[in-house]
Amino acid sequence: MRTVITGSGSFVPANIIKNCNFESQIFYDEKGSLIQREQREIISKFQQITGIEERCYADIGMHSSCMAAIAGAKAIADAGIDAETINQIIVAHNFGDIKNGGAQSDMVPSLASRVKNKLGIKNPSCVAYDILFGCPGWLQALIQADAFTRCGMANTFLVIGAETLSRVIDPHDRDSMIYSDGAGAVITEARNDTDCNSGIIGAKTASFTEYEVDYICMGKSNYNDPCNHNHYLKMKGRKVYEFALTHVPALVKSCLDAYNITIKEVKKIFIHQANEKMDEAIIDRLFKLYGIDQVPADIMPMNIRWHGNSSVATIPTLFDMVSKGALKNHCLNKNDIVVFASVGAGMNINAVCYRV
């Protein structure tokens, strides 16, 4: 049996936060020292490095599970299936539902259970559960759905990635400008491989948890306020960059090699929208592993410039946009081979080879 994506959907909040909105914020470094530069200079350098010009934040009353349900409903409609026939709902996230202005993560019941409730699915055989795997969580959920499909335990899945990172960022940390909110989803269905050439070809996953385990973690604010005991999302940017450039191209190549796919056969690479310059460097290094110096034009769709980094939601949102012709100069055609790849907290890496 093959796991085929038969529908997709996404939700991008309407609240657009431009880089100029951060000009009034005071930034400190990781040692708690005030960064002695003009705010516009800090923001300009940030944009040069990340490519991000704006990001989207959820409304005050909207949570990750709300956005997940909206994206999920769109994917169900796109697939044209009866929601009651879904065997599993898998929601990837890292922080659960967090109220605006709050600091406590709410994960009970699971976000998947909340999504099932919001979608009005009554079938008790539709199993709903979450997965926490850093930014590669949605892709790992897709890999998990494929494993269940291949062994015949389930046929139809709703796989969602949703996050409200705007509620776990330190306003005194420059990295806070990276993060965004949103949700993306797909429906996958089992198809007999004798009748269908489309579907997941194969996957690879790796976890590096020695000295890499705290490259992305939770920590105190950069501003030393003895009354603030909250913890925020923190990242060792240089270490993450070096780790990604070392390990992501190698893992993607190992995935392609394992299934006898050449890099020249790949039409699109859907990579986690973490940092524009980093993603470009990863793809450049991947092609160099094949002795190719020139990366083909338009092989890597990007929306980080306008959407920011919404963690587990970036790849499914990007895939949904390209699938529906919503991203200029990008489209998918029947029998195209594409690659999904992600890297994030853990440190975790994964890749999936897929035939459209």
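Preceding this paragraph is the structure being described.
Criteria and thresholds
Residues numbered from 1 in each chain as written. Predicted model: local features only at pLDDT ≥ 70, side-chain atom pairs only at ≥ 80, totals over all residues. Heavy atoms only, no water. 1 Å grid on protein atoms, 1.4 Å probe; cavity = no way out; pocket = protein on both sides within 12 Å on 5 of 7 lines; lining within 4 Å. Points joined across faces, edges and corners; volume = space filled by probe spheres on them. Helix = DSSP H or I, 4+ residues; strand = E, 2+ residues; numbered from the N terminus. Disulfide = S-S within 2.5 Å. Nonpolar A, V, L, I, M, F, W, Y, C, P; charged D, E, K, R; others polar. Buried < 20%, exposed > 50% of the residue type's maximum accessible area, 1.4 Å probe, protein only. Polar contact = N/O pair within 3.5 Å; in protein donor to acceptor, adjacent residues only side chain to side chain. Contact = heavy atoms within 4.5 Å. Salt bridge = Lys/Arg side-chain N within 4 Å of Asp/Glu carboxyl O. Expected span 1.5 Å × (residues − 1). Axes fitted to C-alpha atoms, helices over the stretch in contact; angles between N-to-C directions. Parallel < 35°, antiparallel > 145°, perpendicular 65-115°, else oblique. Left-handed = near helix turned anticlockwise from the far one by under 90°.

**Student:** Got a sec to walk through empty space enclosed by the protein? Specific residues and values, please.
**Tutor:** Applying the stated criterion across every chain yields a total of 2 cavities of 30 Å³ or more. The computed volume of the largest cavity comes to approximately 70 Å³. Along its surface, the largest cavity is lined by 13 residues, and Val12, Asp181, His307, Ser310 and Thr317 are the ones closest to its centre. Mapped by element, the contributors of at least two residues to the lining of the largest cavity are β7 (181-191) and α8 (314-323).

**Student:** Give me the state of the cysteines: which residues, what numbers.
**Tutor:** Linking two cysteines covalently via their sulfur atoms produces the bond known as a disulfide. Taken as a whole and assessed by the stated rule, the structure comprises 0 disulfides. Free of any disulfide, Cys20 has its nearest neighbouring cysteine sulfur in Cys56, separated by 14 Å. Of all cysteine sulfurs in the structure, the one in Cys126 sits closest to Cys151, which takes part in no disulfide; the separation is 17 Å.

**Student:** Any details on the layout of surface pockets? Residues and values, ideally.
**Tutor:** Of the voids in this model, the largest pocket is the one considered here, and its volume is about 1,200 Å³. Together, 46 residues line the largest pocket, and Asp175, Ile178, Met235, Lys236 and Gly237 are the ones closest to its centre. Going through the elements one at a time, α1 (39-50), β9 (216-219), β10 (232-235), α5 (237-258) and β12 (337-344) are the ones with two or more residues in the lining of the largest pocket. For the lining of the largest pocket, the per-class residue count stands at 23 nonpolar, 10 polar and 13 charged. Computed from the structure, the second largest pocket encloses a volume of approximately 260 Å³. Lining the second largest pocket are 17 residues, and of these Glu276, Glu280, Met300, Met302 and His330 sit closest to its centre. Those elements that provide at least two residues to the lining of the second largest pocket are α6 (276-288) and α7 (304-307). The greatest single-element share of the lining of the second largest pocket, amounting to 4 residues, is contributed by α6.

**Student:** Could you give an account of the side chain of Asn348, with specific residues and numbers?
**Tutor:** With respect to the element layout, Asn348 can be found in strand β13 (residues 348-355). With a relative accessible area of 7%, Asn348 lands in the buried category. A polar contact is formed between the side chain of Asn348 and the side chain of Ser207, at a distance of 2.7 Å. Residues within four places of Asn348 in sequence aside, it is in contact with Phe133, Pro136, Ala206, Ser207, Ser342 and Val343.

**Student:** Hey, could you go over the environment of Ser8 for me, with residue numbers and the actual values?
**Tutor:** Residue position: Ser8 is located in strand β1 (residues 2-11). What makes Ser8 buried here is its relative accessible area of 2%. Counting along the chain gives 165 residues from Ser8 to Asp173, while the straight-line C-alpha distance between them is 34 Å. Among the polar contacts made by the side chain of Ser8, one reaches the side chain of Asp320 at a distance of 2.7 Å.

**Student:** I'd like a description of the pattern of salt bridges, backed by residues and values.
**Tutor:** With the rule as written, the count across this model stands at 15 salt bridges. Measuring nitrogen to oxygen at the nearest pair gives 3.0 Å for the salt bridge that ties Asp284 to Lys288. Taken together, the residues span about one helical turn, with Asp284 and Lys288 both in helix α6 at a distance of 4 residues. Among the residues examined, Asp284 registers a relative accessible area of 27% and is labelled partly exposed. One salt-bridge network, in which partners are shared between bridges, spans Glu53, Glu276, Lys277 and Arg305.

**Student:** Provide a residue-level description of α6, including the pertinent values.
**Tutor:** Counted at 1.5 Å a residue, the expected span for α6 with its 13 residues is 18 Å, and the 18 Å between its end C-alpha atoms agrees. Elements that come into contact with the buried residues of α6 comprise α1, α5, β11 (266-271), α7 and β12. The N-capping residue of α6, defined by a side-chain oxygen 3.0 Å from the backbone nitrogen of Lys277, is Asn275.

**Student:** Lay out the packing of α5 against α6 in plain terms, naming residues and giving numbers.
**Tutor:** The geometry of a pair of packed helices is captured by two quantities: the angle between their axes and the separation between those axes. The geometry of α5 relative to α6 is characterised by a closest axis approach of 9 Å and an angle of 40 degrees between their N-to-C directions. In terms of orientation, α5 lies oblique with respect to α6. The two elements α5 and α6 cross, and the hand of that crossing is right-handed. The segment α5 lies against α6, with Val240, Tyr241, Ala244, Leu245, Thr246, Val248, Pro249, Val252 and Lys253 engaging Lys277, Met278, Ala281, Ile282, Arg285 and Leu286. Of the residues in the contact of α5 with α6, the class split is 11 nonpolar, 1 polar and 3 charged.

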